[in-house]
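Breakdown of the fold
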Amino acid sequence: MNDTARPTLTVNWMFPDQLWLNGDRGNLMALDRLGEQLGFDVVLNRIEDVSQPIPADLAVFGSGDLDVLTALAADGEALRSFLASVRRIVVFGTTIALFTRTTARVTHPGFNGLGLLPADAVERPTDGHVYGDDFLIEYAPGTAHPVAAGIYVKTIAVTTDAGVEPFAKVLFGLDNTAKLTNTGFDGARHDKLVWTNLLGPAFVRNPWLARSLVEELLGPLPGDLEGEWDLEKASLDAVRKFIAAK
Amino acid sequence: MSARDAFAFLVGKAALTGLRAIGRPGYHIPGALAYRISPSVLQYIRKPAEVVFITGTNGKSTTTSLVQQVLAASGKKVAYNTESNNQPGIVASLLRYTSVFNRSKADVLVLEVAEEALSKIVPVIHPQHLLLTNVQKDVPQVNQSPNYIRDRISEIITADMALIVNNDDPDVSSIGAKWQNVRSYGIARNPYTLEPETGRYAIARPCPVCSGKLVFDSLNMPSIGRFHCTKCGFASKPVPDYQADGFDLEAGTITIGGRDFPMHYKAAHFAYDYLLAYAYATELGISAEVIARAFDSFVNIQGRLEDIATAGKTVHYARFKQETPDTLALAIENIRRDPKPKTVIAALNIVENAWGPATANTAYGFDVDFSRLADANVEKFLCVGHVVAYDTANILRYAGVPREKLVVLDTDDPAEIAKLLRAETSKDVYLLTWLHHYQDIRKAMSNE
């Protein structure tokens, strides 16, 4: 493949200085690495101002604090317009509150999100709560890499409308509603929105997940990376054993 | 106040006396026992008239020890906590400084209090002074985010408390901005000051006031330095009430108000602890001479920073707190400061804490600029840790460390790690891990 034929993945890294809770920049590093390994270029736009649309293949939202999401939601119309020129939106963790219809909070006023996901969120009680644990999900049954591992930090419970397609099945950890353990569903796929509670960072610990999402945008990319993923596969095996013994 | 409280108190005192008689330390046991019998025993035990709390994510223990040392040097009888910083730990500390007739034997109570314990403790023990170190990312499964921790501190403050706040920490500074009776402290730009990251993946942080983008103009520690918000203009004061002009890690001094004070613990983050102790002591009217004398004789609690000579090499302990990325970044800077060739044993380990499940979380490693180690003359990285060793190695690979420099071992067995340490051919080995794991490894080394 010569340089002129190299595909380009344009990524809008959304509010990198504000959506930063769980090592989220690792996801952008993982996309860069995947580009090096599979032969595509990654154009990375740091987005702090949404007043002017910047077309992109992918907009990536890291995990953020509810106070920050409240502030971002206040400028919701500009953000909605900005995202109209993006092909796919990937959202990690609590930041989905920015995309639901409403988020109710415990001691702070609630806020309205963009409504791009037919769902409502409720902040979980904040005293004496444990929000996180290991997380194992099945997102691509029947494929060579059906499972992804990481952690979750679930400070909100999300109820999606009937018919909204989940992103994955929960094998270990809490489901979207924070009511079911080791069963139920994680995240959602709705229109161009992909949401998961998988942190870790998700693309670092599960490069096969990152590849599948990139290939949805760029088409199939030749290249066998199984040998490159030695550490990640060993990590997944170790985590599965660890979780099984919990 | 109930008979149950009195009984709990007496049982705690008896346990303390018994443990002392058999020469056993472990002062937390009487506290845990008394607290278990009656949680309101904390209210029952009489306290000294003067009370100061020290809270924040990092630096509490060292600052508490420093404050205790300075107050003692000024002639006061000081009660303070040496064990845990939650309710049973505080009960344990009070038992030590109270007579069997429940009379306080101390003039001042100096308590390190965990942020999440403040709301339970302040209604029972009301401090006149509240000393705030910093607010950083810390155990997200429990604390969510720095905002959550900041709220836990803010909600217990009352107008009668005198606050001493870190001017270089955005969250702490934002707490101070809401109150009148506040003194601030900070460190001026100095030769150890770091410039903020500027690379492709550089991140700053959200503003604690408006949630906009906050940037650091310079950093004395990770996430601590002179800052301003690009949206609302919230910023550190140009000159705080108490300012260290600088410090010299070689000479072991910190310069405050033009005077050099001893600072024998040679890492940049200790400078804030010394400065906070200085500020509080000065507020109480303690002279610079007394403070200097106390700093000079100060011995920190074990394990904060130490070297061990063993098998022809030096093992340097690089401490960090799990899931507290700024402490990991600090430890990396301390390793980086040594120009000699070295091996680094990175033992991130399964995250364990008292509140939640053990978790294979290494996400916080991506909040840290590990590339600072990639060019720090490290000849080999041994990534050890049950389950997480592979993820640790991956973090280093992302940071630019070649795969051939990475050795991965899926173990957290202290004996195995001690063996590895002894077998290392490098003259300098840095052990990057959390305190309890280090203590276990050190014990295993001494058993060999």
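Keep in mind that this is a model prediction, so the values were computed, not measured.

All names here are of chain B. Where helix H1 (residues 3–21) contacts helix H2 (residues 28–37), the two axes come as close as 8 Å, and the packing angle between them is 160 degrees. By the angle class used here, H1 and H2 are roughly antiparallel. Every pair of crossing elements has a handedness; the one defined by H1 and H2 is right-handed. Along its contact with H1, which presents Arg4, Phe7, Ala8, Val11, Gly12, Ala15, Leu16 and Leu19, the element H2 presents Ile29, Pro30, Leu33, Ala34 and Ile37. The residue makeup of the contact of H1 with H2, split by class, is 11 nonpolar, 1 polar and 1 charged.

Residue and element names in this part refer to chain B. Overall, the coordinates contain 38 salt bridges over all chains when judged by the stated rule. In this structure, Glu289 and Arg259 form a salt bridge, with 3.0 Å as the shortest nitrogen-oxygen distance. Residue Glu289 is located in helix H11 (residues 288–296), and its partner Arg259 is located in strand E12 (residues 259–262); the two are separated by 30 residues in the primary sequence. Between Glu424 and Lys380 there is a salt bridge; the shortest N-O distance is 2.7 Å.

If you look at the interface, chain B gives 50 residues, while chain A gives 49 residues. Taken together, both faces of the contact between chain B and chain A bury some 4,400 Å²; the carbon and sulfur share is 55%. Of all residues in chain B, the largest losses of buried area upon contact with chain A belong to Arg200, Tyr201 and Tyr398 of chain B, amounting jointly to 16% of the total for that side. At the junction of chain B with chain A, the criterion picks out 9 salt bridges. A salt bridge links Arg200 of chain B to Asp32 of chain A, with the shortest nitrogen-to-oxygen separation between them at 2.7 Å. Seen at the junction of chain B and chain A, the total is 29 residue pairs in polar contact (both at pLDDT 80 or more). Elements represented by at least two residues in the side of chain B that touches chain A include exactly helix H7 (140–143), helix H8 (146–154), strand E7 (205–206) and helix H14 (389–398) of chain B.

Our focus in this paragraph is helix H10 (residues 268–283) of chain B. Owing to its 3.6 residues per turn, the α-helix aligns residues three or four sequence positions apart on the same side. All names here are of chain B. End to end, H10 covers 24 Å across 16 residues, agreeing with the expected 22 Å (1.5 Å per residue, within 8%). Buried residues dominate H10, accounting for 14 of its 16 residues. Phi turns positive one or two residues past the end of H10, at Gly285, with a value near 90 degrees.

Quick look at the pairing of strand E6 (residues 182–187) of chain B now. All names here are of chain B. E6 sits mainly inside the fold: 5 of its 6 residues count as buried. Where strand E5 (residues 162–166) and E6 come together, 4 bridges link them in parallel fashion. What sits directly across from Val165, in E6, is Ser184. The parallel pair E5 and E6, bridged by helix H9 (residues 170–176), forms a crossover whose chirality is right-handed. Here E6 runs beside strand E10 (residues 242–248); their pairing, made up of 3 bridges, is parallel. Each residue of the ladder has a partner; that of Gly186, found in E10, is Gln243.

Attention now moves to the nonpolar core. By size, the foremost hydrophobic cluster in this structure holds 91 residues, and its most contacted members are Val11, Leu31, Phe203 and Leu209 of chain A together with Phe370 of chain B. Membership of the second largest hydrophobic core comes to 86 residues, among which are Val51, Ile121, Ala277 and Ala292 of chain B.

Okay, the sheet that holds strand E2 (residues 41–47) of chain A next. Residue and element names in this part refer to chain A. One open sheet accounts for 6 strands, arranged E2-E1-E3-E4-E14-E13; its pairing is mixed. Every other strand in the sheet has two partners, leaving E2 and strand E13 (188–190) as the edge strands with one partner each. Across the sheet, the mean angle separating the axes of adjacent strands is 20 degrees when strand polarity is ignored. Strand direction decides the pairing type here: strand E1 (residues 8–14) and strand E3 (residues 56–61), joined by 4 bridges, are parallel. Of the residues in E3, the one forming a bridge with Asn12 is Ala59. Set on the sheet, helix H3 (residues 76–83) makes contact with E1, E2, E3 and strand E4 (86–92); between it and E1 the angle comes to about 175 degrees.

The next subject is H14 of chain B. By the criterion of burial, H14 of chain B is predominantly enclosed, with 10 of the 10 residues buried. When we look at burial in H14 of chain B, the residues that qualify are Ala389, Tyr390, Asp391, Thr392, Ala393, Asn394, Ile395, Leu396, Arg397 and Tyr398 of chain B. Against the buried residues of H14 of chain B lie helix H1 (25–38), helix H4 (202–205) and helix H6 (230–244) of chain A together with strand E15 (342–346), strand E16 (378–384) and strand E17 (406–409) of chain B. Two residues or fewer after H14 of chain B comes Gly400 of chain B, characterised by a positive phi angle close to 105 degrees.

Residue and element names in this part refer to chain B. Topologically, Asp5 is positioned in helix H1. Buried charged residue Asp5 carries no salt bridge. Nearest counter-charge: Arg4, at 6.6 Å. Within the local environment of Asp5, its side chain forms a polar contact with the side chain of Ser38, the two groups lying 2.4 Å apart. Setting aside anything within four residues of it in sequence, one finds Asp5 in contact with Ser38, Ser40, Val41 and Tyr44.

This next bit is on unusual backbone geometry. Put simply, Gly200 of chain A and Pro201 of chain A share a cis peptide bond, and its omega is -10 degrees. If you trace the backbone, Pro201 of chain A turns up in the loop between strand E14 (193–196) and H4. A positive phi is found at Gln144 of chain B, a non-glycine position, where the angle reads about 60 degrees. Residue placement: Gln144 of chain B occurs in the loop between H7 and H8. Here Ser211 of chain B, not a glycine, exhibits a phi torsion of approximately 70 degrees, which is positive. By the element assignment, Ser211 of chain B lies in the loop between E7 and strand E8 (213–216).

Rules and cut-offs
Residues numbered from 1 in each chain as written. Chains lettered and ligands numbered in written order. Predicted model: local features only at pLDDT ≥ 70, side-chain atom pairs only at ≥ 80, totals over all residues. Heavy atoms only, no water. Axes fitted to C-alpha atoms, helices over the stretch in contact; angles between N-to-C directions. Helix = DSSP H or I, 4+ residues; strand = E, 2+ residues; numbered from the N terminus. Parallel < 35°, antiparallel > 145°, perpendicular 65-115°, else oblique. Left-handed = near helix turned anticlockwise from the far one by under 90°. Contact = heavy atoms within 4.5 Å. Nonpolar A, V, L, I, M, F, W, Y, C, P; charged D, E, K, R; others polar. Salt bridge = Lys/Arg side-chain N within 4 Å of Asp/Glu carboxyl O. Buried area = accessible area lost by both parts, 1.4 Å probe. Polar contact = N/O pair within 3.5 Å; in protein donor to acceptor, adjacent residues only side chain to side chain. Expected span 1.5 Å × (residues − 1). Buried < 20%, exposed > 50% of the residue type's maximum accessible area, 1.4 Å probe, protein only. Pairing = 2+ DSSP bridges. Right-handed = clockwise from strand over helix to strand, strands pointing away. Core = buried A, V, L, I, M, F, W, Y, C linked by side-chain atoms within 4.5 Å. Lys, Arg positive; Asp, Glu negative; His and termini not counted.

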